[in-house]
Structures are given as structure tokens and as C-alpha cells.
Amino acid sequence: MSRSAHPAGPRHADVLPEGHYSAPPADLNALDPKVWAQTVTRDEDGVVTVGGIPVTRLAEEYGTPAYVLDEADFRARARAWRTAFGADADVFYAGKAFLSRAVVRWLHEEGLNVDVCSGGELSTALSAGMPADRIAFHGNNKSVDEITRAVEAGVGHIVLDSFQEIVRVAHIAQGKGKRQKVLIRITVGVEAHTHEFIATAHEDQKFGIPLAGGQAAEAVRRALQLDGLELVGIHSHIGSQIFDMSGFEVAAHRVVGLLKGVRDEHGVELPEIDLGGGLGIAYTSDDDPREPHEIAKALTEIVTRECEAAKLRTPRISVEPGRAIVGPTAFTLYEVGTIKPLDGLRTYVSVDGGMSDNIRTALYDAEYSVALVSRTSDAEPMLARVVGKHCESGDIVVKDAFLPSDLAPGDLLAVPATGAYCRSMASNYNHVLRPPVVAVDGGAARVIVRRETEEDLLRLDVG
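Everything numeric here is computed off the predicted structure, so don't read it as measured data. Residue positions are given per chain, counted from 1 along the sequence in the order it is written. The predicted nature of this model means local features are confined to residues of pLDDT at least 70 and side-chain atom pairs, given and counted, to a pLDDT of 80 or more, with totals for whole chains, interfaces and linings taken over all residues. Only heavy atoms go into the side-chain values, all of them from the structure, while hydrogens and water stay out.

Novice: Outline the overall build of the chain, supporting the account with residue identities and numerical values.
Specialist: Each helix corresponds to a stretch of at least 4 residues labelled H or I by DSSP, and each strand to a stretch of at least 2 residues labelled E; elements are numbered beginning at the N terminus. Helix and strand counts for the chain come out as 12 helices and 21 strands. Over its C-alpha trace the chain gives a radius of gyration of 23 Å, about what one expects of a compact globule, namely 23 Å for 463 residues. Per-residue burial over the chain gives 56% buried out of 463 residues. Where accessible areas are quoted, they stem from the Shrake-Rupley method and a 1.4 Å probe; at the residue level, only the protein chains shown are allowed to cover. Carbon and sulfur atoms provide 49% of the accessible area of the chain, an area that totals close to 19,000 Å². Radius of gyration here is computed from C-alpha atoms only, and the compact-globule reference equals 2.2 Å multiplied by the residue count raised to the power 0.38. Think of it in three bands: with a 1.4 Å probe and only protein chains considered, a residue is buried below 20% of the maximum accessible area for its type, exposed above 50%, and partly exposed in between.

Novice: Requested: an account of the nonpolar core, with residues and values cited.
Specialist: One finds Tyr93, Ile158, Ile184 and Leu413 to be the most contacted residues of the largest nonpolar core, which totals 110 residues. Joining through side-chain atoms within 4.5 Å is the link that ties buried Ala, Val, Leu, Ile, Met, Phe, Trp, Tyr and Cys residues into a set, and such a set is a nonpolar core. Counting 23 residues, the second largest nonpolar core, distinct from the first, contains Trp36, Val50, Tyr62 and Ala371.

Novice: Let's hear about helix 2 (residues 71-85): which residues, and what values?
Specialist: Between the first and last C-alpha of helix 2 there are 22 Å, a value that for 15 residues agrees with the 21 Å anticipated at 1.5 Å per step. Listed as buried for helix 2 are Glu71, Asp73, Phe74, Arg75, Ala78, Trp81, Arg82 and Phe85. Its side-chain oxygen placed 3.2 Å from the backbone nitrogen of Ala72, Asp70 serves as the N-cap of helix 2. Positive phi shows up at Gly86, right after helix 2, with a value of about 70°. The span expected for a helix works out to 1.5 Å for each residue beyond the first. What qualifies as a polar contact is a pair of N or O atoms within 3.5 Å, subject to a donor-acceptor requirement within protein and to the restriction that residues adjacent in sequence count only when both atoms come from side chains.

Novice: Now, about helix 5 (residues 144-153): what can you tell me, with residues and values included?
Specialist: Of all the residues in helix 5, the buried ones are Glu146, Ile147, Thr148, Ala150 and Val151. Note on definitions: a residue-residue contact is assigned when non-hydrogen atoms from the two residues lie within 4.5 Å. Lining the buried residues of helix 5 we find helix 4 (119-127), strand 7 (135-137), strand 8 (157-160), helix 6 (163-175) and strand 9 (180-187). Positioned one or two residues after helix 5, Gly154 has a phi angle of 85°, which is positive.

Novice: Could you give an account of the pairing of strand 21 (residues 444-449), with specific residues and numbers?
Specialist: A pair of strands is labelled paired if DSSP reports no fewer than 2 bridges between them. Where strand 20 (residues 437-441) and strand 21 come together, five bridges link them in antiparallel fashion. Looking across to strand 21, one finds that Asp441 is bridged to Ala444. Counted along the chain from strand 20 to the antiparallel partner strand 21, the turn is two residues long, and its residue Gly442 has a positive phi close to 55°.

Novice: Break down the side chain of Asp70 for me, with residues and values.
Specialist: Following the sequence through the fold, Asp70 ends up in strand 4 (residues 66-70). Of the side chains bearing the opposite charge, Arg77 lies closest to the buried Asp70, which forms no salt bridge; the N-O distance is 7.9 Å. There is a polar contact of 3.2 Å between the side chain of Asp70 and the backbone nitrogen of Ala72. Setting aside anything within four residues of it in sequence, one finds Asp70 in contact with Ala37, Gln38, Thr39, Val50, Thr329 and Val440. Only four residue types enter the tally: Lys and Arg on the positive side, Asp and Glu on the negative side, with His and both chain ends excluded. Salt bridges, as used here, are contacts in which a Lys or Arg side-chain nitrogen is within 4 Å of a carboxyl oxygen on Asp or Glu.

Novice: Could you give me a rundown of the packing of helix 2 against helix 9 (residues 292-310), with the residues and numbers involved?
Specialist: For the pair helix 2 and helix 9, the least separation of the axes is 8 Å and the interaxial angle reads 30°. Considering their axes alone, helix 2 and helix 9 lie roughly parallel with respect to each other. The element helix 2 and its partner helix 9 pack so that their crossing is right-handed. Mapping the contact onto sequence places Ala80, Trp81, Ala84 and Phe85 in helix 2 and Pro292, His293, Ile295, Ala296 and Leu299 in helix 9. Here the residues of the contact of helix 2 with helix 9 are counted per class, giving eight nonpolar, one polar and no charged. Orientation is described by axes fitted as lines to C-alpha atoms, over the contacting stretch for helices, and by angles from 0 to 180 degrees between their N-to-C directions. For classification, angles of less than 35 degrees are called roughly parallel, those exceeding 145 degrees roughly antiparallel, those between 65 and 115 degrees roughly perpendicular, and all remaining angles oblique. Crossings are sorted by hand: turned counterclockwise from the far helix by less than a right angle, the near helix makes the crossing left-handed, and turned clockwise it makes it right-handed. Note on residue classes: Ala, Val, Leu, Ile, Met, Phe, Trp, Tyr, Cys and Pro are nonpolar, Asp, Glu, Lys and Arg are charged, and everything else, Gly too, is polar.

Novice: Residues and numbers for unusual backbone geometry, please.
Specialist: Omega for the peptide link from Thr64 to Pro65 comes to -10°, which places this bond in the cis form. Checked against the element boundaries, Pro65 lands in the loop between helix 1 (55-62) and strand 4. Phi at Ala417 takes a positive value of approximately 60°, unusual for a residue other than glycine. Its place among the elements puts Ala417 in the loop between strand 19 (412-416) and strand 20. Among the residues examined, Ala417 registers a relative accessible area of 0% and is labelled buried. The phi torsion at Asn430 lies on the positive side, around 60°, for a residue other than glycine.

Novice: Residues and numbers for the packing of aromatic side chains, please.
Specialist: One pair of aromatic rings is described through two measures. These are the centre distance and the angle between the planes. Each Phe, Tyr or Trp ring, with Trp reduced to its six-membered ring, pairs with another whose centre is within 6.5 Å; inter-plane angles below 30 degrees give stacked pairs, above 60 give edge-to-face pairs, and intermediate values give tilted ones. This model, assessed by the stated rule, comprises five aromatic pairs. On the numbers, 5.1 Å between centres and 80° between planes, the contact of Tyr283 with Tyr368 is edge-to-face. One end of the pair, Tyr283, is in the loop between strand 12 (272-274) and helix 9; the other, Tyr368, is in the loop between helix 11 (360-364) and strand 16 (371-372), and 85 residues separate them in sequence. Taken together, the ring pairs in this structure connect Phe74, Tyr93 and Trp106 into an aromatic cluster.

Novice: Can you tell me about the pattern of salt bridges, naming the residues and giving the values?
Specialist: Inspection of the entire model under this criterion finds 25 salt bridges. The partner of Lys176 in a salt bridge is Glu152, with the nearest N and O atoms 2.7 Å apart. In this pair, Lys176 is assigned in the loop between helix 6 and strand 9 and Glu152 in helix 5, connecting sequence segments 24 residues apart. Look at Lys176 and you get partly exposed, because its relative accessible area is 39%. Here Glu265 makes a salt bridge to Arg221, at a shortest N to O gap of 2.6 Å.

Novice: Explain the sheet that holds strand 1 (residues 41-42) to me, and be specific about the residues and the numbers.
Specialist: The pairing of strands in a sheet happens through backbone hydrogen bonds and is either parallel or antiparallel. Reading across from one edge, 1-2-3 is the order of the three strands in this open sheet, with antiparallel pairing throughout. Looking at the sheet topology across the chains shown, the edges are occupied by strand 1 and strand 3 (53-54).

Novice: Go over the confidence of the model for the chain with me, naming the residues and quoting the values.
Specialist: On average, residues of the chain carry a pLDDT of 92, and 92% of them reach 70 or more. Here residues 194-202 is a poorly scored stretch, pLDDT under 50, and it has 44 contacts once near neighbours within four places are set aside; other chains count. A score between 0 and 100, pLDDT records how confident the predictor is in each residue.

Novice: Now, about the packing of helix 8 (residues 246-266) against helix 9: what can you tell me, with residues and values included?
Specialist: The interhelical angle for the contact between helix 8 and helix 9, taken along N-to-C directions, is 35°, at an axis separation of 9 Å. At the point where helix 8 passes helix 9, the crossing takes the right-handed sense. Residues Phe248, Glu249, Ala252, His253, Val256, Lys260 and Arg263 of helix 8 pack against Leu299, Ile302, Val303, Arg305, Glu306, Cys307 and Ala310 of helix 9. Each residue belonging to the contact of helix 8 with helix 9 can be placed in one class, and the counts come to eight nonpolar, one polar and five charged.

Novice: Account for the environment of Gly189, with residues named and values stated.
Specialist: Following the sequence through the fold, Gly189 ends up in the loop between strand 9 and strand 10 (209-210). Sequence separation of Gly189 and Met130 is 59 residues, and the distance between their C-alpha atoms is 34 Å.

This is how it looks when you write it as C-alpha cells:
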């Protein structure tokens, strides 16, 4: 597979010349466990199964395209994060990656908290029974209505993202007779190794209050003076799809420097520090993500070391994995339609979905793996581009992949590692219906988000 782009996009990537591709894999039927959900395997007939269920049966019962989510894998990854950080830290699942009421219930049962960034995500979390005090509310432009609902519900934290929001949240909380716990999100000037659109800690972007120029220190001064707020800590998020811990080290050093300044100026040691999320997953076999226990050990050591140097008590650490939990647990199941060989170039393989169910390739130049899953094949590999059915030349699902040359209409393909952001960012472009999310576990399957219907589309069109 071509390595012309970073898994999240081309920024900082080693760009290979056009037409330069790695050799085909030795076995096109192999399933790399690094990129597939934990219960995915092939049965004796060569059909891929997940949770003990053949994908052919899933396609027959639920149709394609469909997001297929391995519940056992999701729960195992959630537990791994909870165990890695232990009782002295908090793990907030970043709901923006993928949120549904079933997912919220799983998180509650596995002891994780939830991070939301809109009124809709807040409603989903609350309606599924997540205790409000285990919810953190993010966002760079929360509306008055959203803030009011969050304060009334009693969310555990609101993350303040601007000077205006400091005043807005304080005013609303005071009007409700409450003192709202808040964190201040700062931008620490660390440019994560990721795509420009998802790097979030350099100064020239929309999130947070810059540390540079004393703006973050001024935000702390204002928050500490307002009766409606209880400032409990600092939040820093440096980006997404990150494999290198060095950015977190620099960020922690600068956040702790701010905490030291707060202590020296105000005599207050803020008890919490949230280092955000953004840890990467394997979209292809070349990716090498770190395990939760490695991440927990590294972050804990970094913060402890920095606090000891600053003579500060070590604050309670929070992290916000989203993609790292749900991303690897799901794949998207497609049916092959048109196959169009282009001599001397590649073969275009059209599937019955596309950019409406996975915008990430078009948006970030993201890379994915793909496999024939309804059977095995001994045919020679062909260089293919898996594309969707939309009226856009950029409607690409997998840019460059090797697939069996005997691929035929009606075959099923699956693209792994689509649990994060694919359903969350899905659209109705060309009035295509958004796919269902089917959860599988222990030989049983159930729909947790149903497929849209044309009635759904027309219901919103008031004519």
C-alpha cells in the first residue's frame, strides 16, 4: 500500500513519488490483527466472521453499507484504559468519535466518564443514564442554551474555551444559584505530528486560550474572581492521531509552568490537569500505536516529574481517548458494484457507500486497509482504488490497495478501523441514507443505530 500520507493526513509525512507503491502483501487473505477488531477471523469457508457471525449473514440481514461494531472489543479497550490509569485518574471517553445510547451504557458499566461537545451529545449521554457529574462539556462556541442545560443538569466540568465563555458560564451558573466546576483550555504552542486540520495546540487555531503573551494567566485571574465558577484545573489537547509522546512532554512542562505561576500569584494549587486525547490507532499495518498502559505510565511520569521540579503537588490527571477506544472496534461492510480497470494505472472498485459514510479520506487524505471478506481468493493481486457512489471525483474510500484480480460485483469488502468519526461525520450527500451501526457480541447481533430511510429524509423536508 502507498505510504504517501500520514494516517491522519499529509502534514509532515514523507511524500513518495506518484506511482511509487509498496509490494503487494504475501497473502491477500490474511487479516492483520493490528487493524481489525479482536474477534474478527475467517471461518473454514474463508468468510470473515466477527463475534462469531459471518459477514455474509450480517449483509443479508442488515444490508450494506453497514458499520459493524465488536462490543466485546469496545468493552475490553475501555477497561484497558480504565485499568491503566487506575483510581487516581479519570478517563473521559471523547463522545465526538462515536456516541450512541448503547455506547454510553457500555461506558457507564466499564467505569468511564464521557466528554461531550454539543447539546445533542449531552442529551444522548444523559438519556442513556450517564450520571451528570461524570460528564465534561467541551466546545469553542457553546450556546447559552447549551451552557444552561449543562449547568442545570449538573455536569461535572465545563471546559472554558475563551474569555467570553468565562463570563457567560459564570453568569448562567450564578443565575441558577450554582457554582460550576470548570477547567480552562489553553493552547500551549505545541504542534502535534498530525494533519493541520486536527492539530489543536499551536496558537493559530480556534481552540483554547493561548499560553503565550500571558493570556492563559489572565484567564485564570478572571475565573478565580467570579462567584459562579470553581476553577479546578487546566486543560490541554495537542491534536489527534498522535503516536509520539514528545508533544505531551512539552505540553505538560508548559501546563505545569502555568500551575506554578497560579500558585505563586494566587496561593492556589489547582487540583486537576487534563491532557486531552488524540492517541493514534492502526489504520494500516505500518502504524504502530502505543498500548494504554504505556501511555498511562508515560503521562503519569511526565506530570509527576514536572510537578516535582516545580515543587507542586501532583494534580489528578484526566485523559480523553475516543478514537483509541472505538476506532479499532468497528469496520464498514460494503458490497462491490462496478469494477473499472484502467490500463497501466489501477482498477477502480466502486462500492455502495463512500464519502457519505467515511469522509476522512477526502477530508484528511486518510489511509485505510481493505479486504475481500465474503470469500478467499488465490488470484493475482491488482492495484485498486476503492471508491464510492457519489458524484465527486474525490469520493475515495481507500486510495491505494491490493485486492484479488478476480474481484466481482456482489463480493463483500470490509474497511477496518472505521469506528471513530465515520458515523459521527456521516452525511446525506446525494440524499444517500446513512448506514446502521450493528453491534455484535457472542454470536448475537443487534442494531444500535438504525439505517436511515427515505421517510426520514422526507420528514425533514417540509416542502
